[in-house]
Amino acid sequence: MALTYIGTRDRSIKATASEAILRGICPDGGLYIPEEIPKMEKSLEELGRLDYRELAYEVLSKFLDFTEEELKACIRGAYDEKFDTPEIVPVVKKGDALFLELFHGRTLAFKDMALSILPYLMKTAAKKNGLDKEIVILTATSGDTGKAALEGFANVEGTRIMVFFPEDGVSPVQKLQMNTQEGANTCVVGIKGNFDDAQSAVKSIFTDKELEQELAAKGFQFSSANSINIGRLVPQIVYYFWAYLQAVRMGEIKNGEELNFTVPTGNFGDILAGWYAMQMGLPVGHFVCASNDNKVLYDFFRTGEYNKNRAFHVTVSPSMDILISSNLERLLAHMGGQAATKAEMESLNKTGVYHAEVTEKKISGEYATEAETFAAIKDFYEKTGYVMDTHTAVAYAAYQKYKAESGDDKPMVIVSTASPYKFTKDVMTALDAKYKDGDAFALQADLERISGVAVPAPIVGLAHRPILHKNVCEKNEIKEVVKNWLK
Ligand SMILES: *Cc1c(COP(=O)(O)O)cnc(C)c1O
(Lines give C-alpha, C1' and ligand atoms only; values in the text may rest on other atoms or scores of the structure.)
Protein backbone atom coordinates (compact mmCIF):
# COMPACT_ATOMS: atom_id res chain seq x y z
CA MET A 1 0.00 0.00 0.00
CA ALA A 2 1.37 3.33 -1.03
CA LEU A 3 1.94 5.89 1.67
CA THR A 4 -0.70 8.59 2.12
CA TYR A 5 0.21 12.19 2.84
CA ILE A 6 -2.05 14.33 5.02
CA GLY A 7 -2.18 18.02 5.89
CA THR A 8 -0.50 19.49 8.96
CA ARG A 9 -3.60 21.58 9.72
CA ASP A 10 -6.28 19.14 8.62
CA ARG A 11 -5.85 15.40 8.47
CA SER A 12 -8.74 14.99 6.04
CA ILE A 13 -6.61 16.65 3.33
CA LYS A 14 -5.03 13.67 1.61
CA ALA A 15 -2.68 13.14 -1.32
CA THR A 16 -0.42 10.55 -2.83
CA ALA A 17 3.27 11.39 -2.86
CA SER A 18 3.20 12.43 -6.50
CA GLU A 19 0.18 14.67 -5.97
CA ALA A 20 1.87 16.27 -2.96
CA ILE A 21 5.03 16.89 -4.99
CA LEU A 22 3.07 18.55 -7.79
CA ARG A 23 1.02 20.75 -5.47
CA GLY A 24 3.86 21.70 -3.13
CA ILE A 25 1.51 22.93 -0.40
CA CYS A 26 -1.97 21.95 0.88
CA PRO A 27 -4.98 23.96 -0.35
CA ASP A 28 -5.42 25.41 3.16
CA GLY A 29 -1.80 26.58 3.40
CA GLY A 30 -0.69 23.60 5.51
CA LEU A 31 2.09 21.22 4.55
CA TYR A 32 1.94 17.57 3.56
CA ILE A 33 3.29 15.01 6.01
CA PRO A 34 3.34 11.21 5.78
CA GLU A 35 0.33 9.76 7.59
CA GLU A 36 2.67 7.18 9.04
CA ILE A 37 6.44 7.33 8.92
CA PRO A 38 7.65 4.14 7.23
CA LYS A 39 10.18 1.89 8.95
CA MET A 40 13.44 0.87 7.33
CA GLU A 41 13.20 -2.91 7.28
CA LYS A 42 16.68 -3.60 5.97
CA SER A 43 19.35 -3.98 8.62
CA LEU A 44 22.19 -1.49 9.02
CA GLU A 45 24.59 -4.29 8.00
CA GLU A 46 22.75 -4.69 4.69
CA LEU A 47 22.48 -0.94 4.11
CA GLY A 48 26.20 -0.54 4.83
CA ARG A 49 27.01 -2.43 1.63
CA LEU A 50 25.18 0.04 -0.62
CA ASP A 51 26.54 3.00 -2.54
CA TYR A 52 24.79 6.39 -2.31
CA ARG A 53 22.41 5.71 -5.21
CA GLU A 54 21.41 2.30 -3.90
CA LEU A 55 20.83 3.71 -0.44
CA ALA A 56 18.76 6.53 -1.95
CA TYR A 57 16.55 3.93 -3.57
CA GLU A 58 15.99 2.11 -0.26
CA VAL A 59 14.90 5.31 1.48
CA LEU A 60 12.96 7.03 -1.31
CA SER A 61 10.99 3.92 -2.29
CA LYS A 62 9.39 3.96 1.18
CA PHE A 63 8.01 7.47 0.63
CA LEU A 64 7.11 7.68 -3.06
CA ASP A 65 4.42 6.04 -5.18
CA PHE A 66 6.85 5.49 -8.08
CA THR A 67 7.69 2.18 -9.76
CA GLU A 68 11.16 0.77 -9.23
CA GLU A 69 12.07 1.68 -12.79
CA GLU A 70 10.80 5.26 -12.47
CA LEU A 71 12.55 5.88 -9.18
CA LYS A 72 15.84 4.38 -10.27
CA ALA A 73 15.82 6.58 -13.38
CA CYS A 74 15.29 9.67 -11.18
CA ILE A 75 18.18 8.66 -8.91
CA ARG A 76 20.53 7.92 -11.81
CA GLY A 77 19.75 11.27 -13.38
CA ALA A 78 20.40 13.15 -10.14
CA TYR A 79 23.42 11.64 -8.45
CA ASP A 80 25.98 11.44 -11.23
CA GLU A 81 29.06 13.36 -12.39
CA LYS A 82 27.37 16.62 -11.42
CA PHE A 83 28.96 15.84 -8.05
CA ASP A 84 32.71 16.31 -7.95
CA THR A 85 33.32 13.05 -6.10
CA PRO A 86 32.08 9.53 -6.88
CA GLU A 87 31.07 9.09 -3.22
CA ILE A 88 28.59 11.98 -3.71
CA VAL A 89 28.78 12.81 0.03
CA PRO A 90 32.18 12.38 1.73
CA VAL A 91 32.33 12.04 5.50
CA VAL A 92 35.61 13.26 6.96
CA LYS A 93 36.92 13.15 10.51
CA LYS A 94 38.59 16.34 11.74
CA GLY A 95 39.28 17.21 15.36
CA ASP A 96 36.41 16.07 17.59
CA ALA A 97 33.76 15.71 14.87
CA LEU A 98 32.73 13.99 11.68
CA PHE A 99 31.88 16.36 8.85
CA LEU A 100 29.11 15.31 6.47
CA GLU A 101 30.15 17.26 3.38
CA LEU A 102 26.94 17.93 1.51
CA PHE A 103 28.44 20.57 -0.77
CA HIS A 104 29.99 18.60 -3.58
CA GLY A 105 27.21 19.33 -6.08
CA ARG A 106 27.09 22.02 -8.74
CA THR A 107 26.05 24.94 -6.56
CA LEU A 108 28.33 24.17 -3.59
CA ALA A 109 25.60 23.88 -0.96
CA PHE A 110 23.52 21.05 0.48
CA LYS A 111 20.45 22.19 -1.46
CA ASP A 112 21.91 20.25 -4.42
CA MET A 113 21.20 17.00 -2.59
CA ALA A 114 17.46 17.44 -3.03
CA LEU A 115 17.29 19.85 -5.95
CA SER A 116 19.27 17.61 -8.28
CA ILE A 117 16.51 15.03 -8.00
CA LEU A 118 13.41 17.23 -7.58
CA PRO A 119 12.99 18.02 -11.30
CA TYR A 120 13.03 14.29 -12.06
CA LEU A 121 10.53 13.58 -9.30
CA MET A 122 8.30 16.36 -10.55
CA LYS A 123 8.37 15.25 -14.19
CA THR A 124 7.64 11.67 -13.18
CA ALA A 125 4.81 12.84 -10.91
CA ALA A 126 3.38 14.96 -13.74
CA LYS A 127 3.39 11.99 -16.09
CA LYS A 128 1.80 9.67 -13.52
CA ASN A 129 -0.99 12.16 -12.86
CA GLY A 130 -1.61 12.97 -16.52
CA LEU A 131 -0.84 16.65 -15.89
CA ASP A 132 -1.26 18.64 -19.09
CA LYS A 133 -0.12 22.00 -17.73
CA GLU A 134 3.24 23.65 -17.67
CA ILE A 135 4.65 23.58 -14.10
CA VAL A 136 5.75 26.96 -12.78
CA ILE A 137 8.18 26.57 -9.91
CA LEU A 138 8.03 29.55 -7.58
CA THR A 139 10.95 29.72 -5.20
CA ALA A 140 11.86 31.96 -2.30
CA THR A 141 15.51 31.69 -1.39
CA SER A 142 17.80 32.80 1.39
CA GLY A 143 20.62 32.29 -1.11
CA ASP A 144 21.28 28.63 -1.81
CA THR A 145 17.94 27.10 -2.80
CA GLY A 146 17.60 29.60 -5.65
CA LYS A 147 20.69 28.60 -7.54
CA ALA A 148 20.27 24.89 -6.84
CA ALA A 149 16.69 25.04 -8.14
CA LEU A 150 17.74 27.05 -11.21
CA GLU A 151 20.42 24.48 -12.02
CA GLY A 152 17.92 21.68 -11.59
CA PHE A 153 15.09 23.15 -13.63
CA ALA A 154 16.87 25.24 -16.29
CA ASN A 155 15.79 24.01 -19.72
CA VAL A 156 13.68 21.19 -18.27
CA GLU A 157 10.83 20.83 -20.73
CA GLY A 158 7.37 21.49 -19.35
CA THR A 159 8.65 23.66 -16.49
CA ARG A 160 9.45 27.28 -15.77
CA ILE A 161 11.26 28.51 -12.73
CA MET A 162 11.09 31.81 -10.93
CA VAL A 163 13.34 32.71 -8.00
CA PHE A 164 12.99 35.55 -5.48
CA PHE A 165 15.99 36.40 -3.32
CA PRO A 166 16.72 39.17 -0.79
CA GLU A 167 18.60 41.73 -2.89
CA ASP A 168 20.76 42.84 0.04
CA GLY A 169 20.89 39.58 2.00
CA VAL A 170 23.01 37.09 0.07
CA SER A 171 26.74 36.63 -0.49
CA PRO A 172 28.40 38.01 -3.67
CA VAL A 173 28.96 34.47 -4.97
CA GLN A 174 25.33 33.51 -4.26
CA LYS A 175 24.04 36.58 -6.07
CA LEU A 176 26.22 36.12 -9.13
CA GLN A 177 25.42 32.43 -9.29
CA MET A 178 21.76 33.35 -9.68
CA ASN A 179 22.03 36.50 -11.81
CA THR A 180 24.17 34.75 -14.41
CA GLN A 181 21.78 31.79 -14.79
CA GLU A 182 21.11 30.74 -18.37
CA GLY A 183 17.98 29.04 -19.66
CA ALA A 184 14.96 30.54 -21.42
CA ASN A 185 12.60 29.14 -18.76
CA THR A 186 14.33 30.93 -15.86
CA CYS A 187 13.55 34.21 -14.13
CA VAL A 188 15.46 35.65 -11.17
CA VAL A 189 14.26 38.65 -9.16
CA GLY A 190 15.87 40.47 -6.25
CA ILE A 191 13.40 41.75 -3.67
CA LYS A 192 13.68 44.67 -1.31
CA GLY A 193 12.99 42.56 1.74
CA ASN A 194 14.26 39.48 3.51
CA PHE A 195 13.72 35.75 3.05
CA ASP A 196 10.63 35.72 5.27
CA ASP A 197 9.02 38.37 3.04
CA ALA A 198 9.77 36.32 -0.06
CA GLN A 199 8.56 33.07 1.47
CA SER A 200 5.32 34.61 2.78
CA ALA A 201 4.53 36.16 -0.61
CA VAL A 202 5.20 32.90 -2.43
CA LYS A 203 3.13 30.89 0.05
CA SER A 204 0.20 33.26 -0.36
CA ILE A 205 0.39 32.90 -4.15
CA PHE A 206 0.11 29.11 -3.76
CA THR A 207 -3.17 29.46 -1.87
CA ASP A 208 -4.62 32.24 -4.07
CA LYS A 209 -7.58 30.47 -5.68
CA GLU A 210 -8.36 33.27 -8.13
CA LEU A 211 -4.84 33.42 -9.46
CA GLU A 212 -4.74 29.64 -9.66
CA GLN A 213 -7.79 29.64 -11.94
CA GLU A 214 -6.57 32.54 -14.02
CA LEU A 215 -3.29 30.78 -14.70
CA ALA A 216 -4.85 27.35 -15.15
CA ALA A 217 -6.81 28.87 -18.04
CA LYS A 218 -3.48 29.83 -19.58
CA GLY A 219 -2.10 26.33 -19.05
CA PHE A 220 0.04 26.85 -15.94
CA GLN A 221 0.17 25.18 -12.54
CA PHE A 222 2.33 26.36 -9.64
CA SER A 223 4.58 24.21 -7.56
CA SER A 224 7.37 24.80 -5.08
CA ALA A 225 11.05 23.98 -4.93
CA ASN A 226 11.28 25.08 -1.30
CA SER A 227 11.49 22.58 1.49
CA ILE A 228 7.75 23.02 2.04
CA ASN A 229 7.61 20.50 -0.85
CA ILE A 230 7.96 16.93 0.41
CA GLY A 231 9.88 16.21 -2.79
CA ARG A 232 12.63 18.35 -1.27
CA LEU A 233 12.49 16.82 2.16
CA VAL A 234 12.49 13.11 1.40
CA PRO A 235 15.80 13.02 -0.55
CA GLN A 236 17.44 14.69 2.46
CA ILE A 237 16.65 11.71 4.69
CA VAL A 238 19.09 9.60 2.69
CA TYR A 239 22.26 11.32 3.84
CA TYR A 240 21.51 10.84 7.54
CA PHE A 241 21.57 7.09 6.93
CA TRP A 242 24.66 7.58 4.78
CA ALA A 243 26.48 9.51 7.54
CA TYR A 244 25.69 6.78 10.03
CA LEU A 245 26.85 3.98 7.75
CA GLN A 246 30.09 5.82 6.96
CA ALA A 247 30.71 6.39 10.69
CA VAL A 248 30.41 2.62 11.14
CA ARG A 249 32.72 1.99 8.22
CA MET A 250 35.26 4.41 9.73
CA GLY A 251 35.13 2.59 13.07
CA GLU A 252 33.64 5.58 14.94
CA ILE A 253 30.58 3.60 16.07
CA LYS A 254 29.28 0.05 15.85
CA ASN A 255 25.99 -0.76 14.15
CA GLY A 256 23.20 -0.03 16.61
CA GLU A 257 25.11 2.54 18.67
CA GLU A 258 23.77 6.06 18.78
CA LEU A 259 25.22 8.93 16.77
CA ASN A 260 24.54 12.65 17.31
CA PHE A 261 24.00 15.32 14.66
CA THR A 262 24.35 19.10 14.75
CA VAL A 263 22.43 20.80 11.96
CA PRO A 264 22.83 24.46 10.95
CA THR A 265 19.19 25.41 10.67
CA GLY A 266 17.04 27.99 8.93
CA ASN A 267 13.77 26.72 7.53
CA PHE A 268 14.04 23.51 9.62
CA GLY A 269 13.99 21.27 6.53
CA ASP A 270 17.39 19.66 6.87
CA ILE A 271 17.04 18.77 10.54
CA LEU A 272 13.49 17.53 10.02
CA ALA A 273 14.78 15.08 7.42
CA GLY A 274 17.16 13.79 10.09
CA TRP A 275 14.28 13.44 12.50
CA TYR A 276 12.40 11.39 9.89
CA ALA A 277 15.47 9.16 9.53
CA MET A 278 15.37 8.58 13.28
CA GLN A 279 11.65 7.75 13.14
CA MET A 280 12.46 5.22 10.41
CA GLY A 281 14.76 3.48 12.87
CA LEU A 282 18.16 5.16 12.55
CA PRO A 283 19.90 5.11 15.97
CA VAL A 284 20.29 8.82 16.73
CA GLY A 285 21.24 10.02 20.21
CA HIS A 286 20.48 13.70 19.84
CA PHE A 287 19.97 16.51 17.34
CA VAL A 288 21.41 19.93 18.04
CA CYS A 289 19.45 22.55 16.12
CA ALA A 290 22.01 25.32 15.50
CA SER A 291 20.97 28.92 14.84
CA ASN A 292 22.82 32.16 14.23
CA ASP A 293 21.73 35.47 15.81
CA ASN A 294 18.25 34.85 14.38
CA LYS A 295 17.71 32.40 17.20
CA VAL A 296 13.93 31.89 17.17
CA LEU A 297 14.36 28.13 17.22
CA TYR A 298 16.82 28.21 20.11
CA ASP A 299 14.25 30.11 22.16
CA PHE A 300 11.47 27.81 21.02
CA PHE A 301 13.19 24.60 22.08
CA ARG A 302 13.99 26.11 25.49
CA THR A 303 10.66 27.74 26.28
CA GLY A 304 7.98 26.39 23.95
CA GLU A 305 7.30 29.94 22.81
CA TYR A 306 7.82 30.71 19.13
CA ASN A 307 8.11 34.45 18.67
CA LYS A 308 9.02 36.01 15.36
CA ASN A 309 8.50 39.56 16.61
CA ARG A 310 12.11 40.51 16.96
CA ALA A 311 14.88 42.25 15.05
CA PHE A 312 15.97 40.48 11.88
CA HIS A 313 19.75 40.12 11.68
CA VAL A 314 21.69 39.93 8.42
CA THR A 315 24.56 37.62 9.36
CA VAL A 316 27.58 35.94 7.79
CA SER A 317 25.45 32.77 7.53
CA PRO A 318 22.72 34.30 5.32
CA SER A 319 21.10 30.99 4.39
CA MET A 320 20.02 30.74 8.02
CA ASP A 321 18.67 34.30 8.30
CA ILE A 322 15.09 33.19 8.79
CA LEU A 323 12.50 34.02 11.43
CA ILE A 324 9.66 31.83 10.15
CA SER A 325 10.93 28.27 9.97
CA SER A 326 8.25 26.65 7.83
CA ASN A 327 9.08 23.03 8.42
CA LEU A 328 8.72 23.32 12.17
CA GLU A 329 5.00 23.12 11.37
CA ARG A 330 5.55 19.50 10.37
CA LEU A 331 7.19 18.61 13.66
CA LEU A 332 4.36 20.37 15.49
CA ALA A 333 1.80 18.26 13.63
CA HIS A 334 3.65 15.03 14.37
CA MET A 335 3.99 16.01 18.05
CA GLY A 336 0.65 17.61 18.82
CA GLY A 337 -1.78 16.79 16.01
CA GLN A 338 -3.61 18.84 13.39
CA ALA A 339 -6.04 20.83 15.54
CA ALA A 340 -3.28 22.24 17.73
CA THR A 341 -1.06 22.96 14.71
CA LYS A 342 -3.84 24.83 12.94
CA ALA A 343 -4.39 27.02 16.00
CA GLU A 344 -0.66 27.63 16.37
CA MET A 345 -0.28 28.68 12.73
CA GLU A 346 -3.29 30.98 12.99
CA SER A 347 -1.74 32.56 16.04
CA LEU A 348 1.58 32.95 14.19
CA ASN A 349 -0.20 34.69 11.32
CA LYS A 350 -2.18 36.98 13.57
CA THR A 351 0.26 37.85 16.32
CA GLY A 352 3.63 36.45 15.28
CA VAL A 353 3.69 34.23 18.36
CA TYR A 354 2.51 30.78 19.39
CA HIS A 355 3.09 28.34 22.21
CA ALA A 356 3.49 24.60 21.83
CA GLU A 357 4.50 21.74 24.04
CA VAL A 358 7.84 20.35 22.89
CA THR A 359 7.42 16.63 23.56
CA GLU A 360 10.39 15.68 21.36
CA LYS A 361 13.30 15.66 23.78
CA LYS A 362 15.89 14.50 21.26
CA ILE A 363 16.16 17.94 19.68
CA SER A 364 17.54 20.94 21.49
CA GLY A 365 18.62 24.37 20.34
CA GLU A 366 21.97 26.13 20.51
CA TYR A 367 23.17 29.24 18.75
CA ALA A 368 26.36 31.02 17.79
CA THR A 369 26.91 34.76 17.61
CA GLU A 370 28.88 36.31 14.76
CA ALA A 371 32.00 36.51 16.92
CA GLU A 372 31.63 32.86 17.97
CA THR A 373 31.19 31.82 14.34
CA PHE A 374 34.35 33.64 13.27
CA ALA A 375 36.28 32.23 16.24
CA ALA A 376 35.14 28.69 15.37
CA ILE A 377 36.47 29.03 11.82
CA LYS A 378 39.81 30.36 12.98
CA ASP A 379 40.38 28.05 15.95
CA PHE A 380 39.38 24.95 14.07
CA TYR A 381 41.63 25.84 11.17
CA GLU A 382 44.55 26.40 13.52
CA LYS A 383 43.96 23.05 15.21
CA THR A 384 43.18 20.89 12.18
CA GLY A 385 43.95 22.75 8.93
CA TYR A 386 40.29 22.29 7.90
CA VAL A 387 38.38 25.36 6.70
CA MET A 388 34.65 25.43 7.46
CA ASP A 389 32.14 27.70 5.77
CA THR A 390 30.20 30.15 7.96
CA HIS A 391 27.07 27.94 8.29
CA THR A 392 29.06 24.87 9.18
CA ALA A 393 30.93 27.01 11.69
CA VAL A 394 27.67 28.03 13.39
CA ALA A 395 26.96 24.32 13.78
CA TYR A 396 30.44 23.58 15.09
CA ALA A 397 30.27 26.40 17.68
CA ALA A 398 26.80 25.18 18.73
CA TYR A 399 28.19 21.65 19.15
CA GLN A 400 30.89 22.92 21.51
CA LYS A 401 28.25 24.64 23.65
CA TYR A 402 26.04 21.56 23.64
CA LYS A 403 28.93 19.32 24.67
CA ALA A 404 29.92 21.62 27.54
CA GLU A 405 26.34 21.95 28.79
CA SER A 406 25.18 18.36 28.43
CA GLY A 407 28.34 16.30 28.98
CA ASP A 408 27.07 14.12 26.11
CA ASP A 409 30.20 12.75 24.44
CA LYS A 410 28.67 10.50 21.79
CA PRO A 411 30.30 10.86 18.37
CA MET A 412 28.99 13.98 16.60
CA VAL A 413 28.29 14.56 12.93
CA ILE A 414 28.41 18.19 11.86
CA VAL A 415 26.09 18.57 8.92
CA SER A 416 28.30 20.67 6.61
CA THR A 417 26.00 22.60 4.37
CA ALA A 418 28.21 24.76 2.17
CA SER A 419 31.65 25.06 0.68
CA PRO A 420 33.79 27.85 2.17
CA TYR A 421 34.14 29.12 -1.42
CA LYS A 422 30.55 30.31 -1.32
CA PHE A 423 31.40 32.69 1.51
CA THR A 424 35.05 33.33 0.75
CA LYS A 425 35.25 36.84 2.10
CA ASP A 426 33.74 36.14 5.50
CA VAL A 427 35.70 32.91 5.85
CA MET A 428 38.98 34.65 5.00
CA THR A 429 38.17 37.55 7.32
CA ALA A 430 37.53 35.06 10.12
CA LEU A 431 40.96 33.56 9.49
CA ASP A 432 42.67 36.94 9.42
CA ALA A 433 41.07 40.39 9.75
CA LYS A 434 43.47 41.77 7.14
CA TYR A 435 41.26 40.27 4.42
CA LYS A 436 38.18 42.25 5.38
CA ASP A 437 38.46 44.76 2.55
CA GLY A 438 39.49 42.19 -0.04
CA ASP A 439 37.46 41.27 -3.10
CA ALA A 440 35.37 38.11 -2.67
CA PHE A 441 36.65 36.70 -5.96
CA ALA A 442 40.28 37.76 -5.67
CA LEU A 443 40.35 36.06 -2.24
CA GLN A 444 39.65 32.67 -3.81
CA ALA A 445 43.34 32.25 -4.57
CA ASP A 446 44.20 32.91 -0.92
CA LEU A 447 41.61 30.42 0.28
CA GLU A 448 43.02 27.85 -2.13
CA ARG A 449 46.51 28.35 -0.77
CA ILE A 450 45.40 28.24 2.87
CA SER A 451 42.98 25.31 2.68
CA GLY A 452 44.72 23.19 0.08
CA VAL A 453 41.31 22.68 -1.58
CA ALA A 454 41.09 23.83 -5.21
CA VAL A 455 38.52 26.43 -6.27
CA PRO A 456 35.49 24.30 -7.26
CA ALA A 457 35.00 24.10 -11.03
CA PRO A 458 31.40 25.45 -11.09
CA ILE A 459 32.52 28.88 -9.81
CA VAL A 460 35.73 29.26 -11.77
CA GLY A 461 35.29 32.38 -13.91
CA LEU A 462 31.96 33.26 -12.25
CA ALA A 463 32.99 36.89 -11.75
CA HIS A 464 33.31 37.34 -15.52
CA ARG A 465 30.04 35.80 -16.63
CA PRO A 466 27.41 38.13 -18.11
CA ILE A 467 24.61 39.25 -15.79
CA LEU A 468 21.40 38.00 -17.37
CA HIS A 469 18.91 38.91 -14.64
CA LYS A 470 18.64 42.47 -13.34
CA ASN A 471 15.09 42.66 -12.01
CA VAL A 472 14.48 44.07 -8.56
CA CYS A 473 11.03 44.55 -7.02
CA GLU A 474 9.35 45.64 -3.80
CA LYS A 475 8.15 42.84 -1.57
CA ASN A 476 4.49 43.67 -2.20
CA GLU A 477 4.98 43.47 -5.98
CA ILE A 478 5.85 39.79 -6.14
CA LYS A 479 2.43 38.66 -7.30
CA GLU A 480 2.37 41.23 -10.13
CA VAL A 481 5.86 40.21 -11.21
CA VAL A 482 4.74 36.58 -11.39
CA LYS A 483 1.66 37.48 -13.44
CA ASN A 484 3.69 39.63 -15.83
CA TRP A 485 6.23 36.92 -16.47
CA LEU A 486 3.49 34.44 -17.31
CA LYS A 487 1.61 36.80 -19.66
C1 LIG B 1 19.46 26.28 3.45
C2 LIG B 1 20.71 26.26 4.22
C3 LIG B 1 20.72 26.02 5.59
C4 LIG B 1 19.46 25.83 6.38
O5 LIG B 1 18.75 24.64 6.04
P6 LIG B 1 17.20 24.51 6.37
O7 LIG B 1 16.78 23.24 5.75
O8 LIG B 1 16.54 25.71 5.76
O9 LIG B 1 17.08 24.50 7.85
C10 LIG B 1 21.94 25.95 6.24
N11 LIG B 1 23.11 26.14 5.58
C12 LIG B 1 23.13 26.39 4.26
C13 LIG B 1 24.45 26.62 3.60
C14 LIG B 1 21.96 26.46 3.53
O15 LIG B 1 22.00 26.70 2.22
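Not measured: the values here are computed from a predicted model. (Residues numbered from 1 in each chain as written. Predicted model: local features only at pLDDT ≥ 70, side-chain atom pairs only at ≥ 80, totals over all residues. Heavy atoms only, no water.)

Before going further, it helps to spend a moment on the sheet that holds strand 8 (residues 186–192). Taking strand neighbours across the sheet as the criterion, the five strands line up as 9-6-7-8-16 in an open arrangement whose pairing is parallel. Two strands lie at the open edges of the sheet, namely strand 9 (220–224) and strand 16 (471–474), each paired on one side alone. On average, adjacent strands in this sheet sit at an angle of 30° to one another, irrespective of strand direction. Judged from the six bridges that link them, strand 6 (residues 134–140) and strand 7 (residues 159–166) form a sheet pairing that is parallel. Across the sheet, leucine 138 pairs through a bridge with methionine 162, a residue of strand 7. (Pairing = 2+ DSSP bridges. Helix = DSSP H or I, 4+ residues; strand = E, 2+ residues; numbered from the N terminus. Axes fitted to C-alpha atoms, helices over the stretch in contact; angles between N-to-C directions.)

Attention now goes to the environment of lysine 425. You can see lysine 425 is positioned in helix 18 (residues 424–431). Looking at lysine 425, the relative accessible area reads 29%, which means it is partly exposed. Along the backbone, lysine 425 and isoleucine 228 are 197 residues apart, and their C-alpha atoms lie at a distance of 31 Å. Excluding residues that lie within four positions of it along the chain, lysine 425 makes contacts with Lys436, Asp437, Gly438, Ala440 and Leu443. Polar contacts involving the side chain of lysine 425 include one to the main-chain carbonyl oxygen of glycine 438, which spans 3.1 Å. (Buried < 20%, exposed > 50% of the residue type's maximum accessible area, 1.4 Å probe, protein only. Contact = heavy atoms within 4.5 Å. Polar contact = N/O pair within 3.5 Å; in protein donor to acceptor, adjacent residues only side chain to side chain.)

Our focus in this paragraph is the site of the ligand. Every one of the 15 residues lining the ligand counts as a neighbour, but Lys111, Asp144, Gly266, Asn267 and Thr417 are closest to it. In the environment of the ligand, an oxygen atom lies 3.0 Å from a nitrogen or oxygen atom belonging to the backbone of phenylalanine 268. Glycine 269 is positioned with one of its backbone polar atoms (N or O) 3.2 Å from an oxygen atom of the ligand. Protein burial of the ligand: of its 380 Å² of free accessible surface, 98% is covered by the chains. A per-class count over the shell around the ligand returns five nonpolar, seven polar and three charged. (Near = heavy atom within 4 Å. Areas by Shrake-Rupley, 256 points an atom, 1.4 Å probe, with all protein chains shown as cover. Nonpolar A, V, L, I, M, F, W, Y, C, P; charged D, E, K, R; others polar.)

Next up on the list: the UniProt feature "domain: Threonine synthase N-terminal" (unreviewed entry) in the protein chain. The residues that UniProt annotates with the feature "domain: Threonine synthase N-terminal" (unreviewed entry) are residues 4–79. The annotated region residues 4–79 carries 45% helix and 11% strand content, and the separation between its end C-alpha atoms amounts to 27 Å. (UniProt positions renumbered as here; feature names shortened; annotations may be inferred.)

This next bit is on empty space enclosed by the protein. Taken as a whole, this structure holds two cavities of 30 Å³ or more when the rule is applied. Considered as a void within the structure, the largest cavity measures approximately 270 Å³ in volume. If you go around the largest cavity, you meet 28 residues; those closest to its centre are Phe110, Lys111, Gly266, Asn267 and Ser319. At the level of secondary structure, the elements contributing two or more residues to the lining of the largest cavity comprise helix 7 (144–153), helix 11 (230–249), strand 10 (259–264) and helix 12 (269–279). Here the lining of the largest cavity gets three residues from one element, more than from any other, and that element is helix 12. Across the lining of the largest cavity, the residue classes tally to 11 nonpolar, 13 polar and four charged. What the second largest cavity holds in volume is close to 40 Å³. Every residue along the wall of the second largest cavity is listed here: Thr265, Gly266, Ser291, Asn294, Val296, Leu297, Met320, Ile322 and Ser325. Its residues placed into classes, the lining of the second largest cavity shows four nonpolar, five polar and no charged. (1 Å grid on protein atoms, 1.4 Å probe; cavity = no way out; pocket = protein on both sides within 12 Å on 5 of 7 lines; lining within 4 Å. Points joined across faces, edges and corners; volume = space filled by probe spheres on them.)

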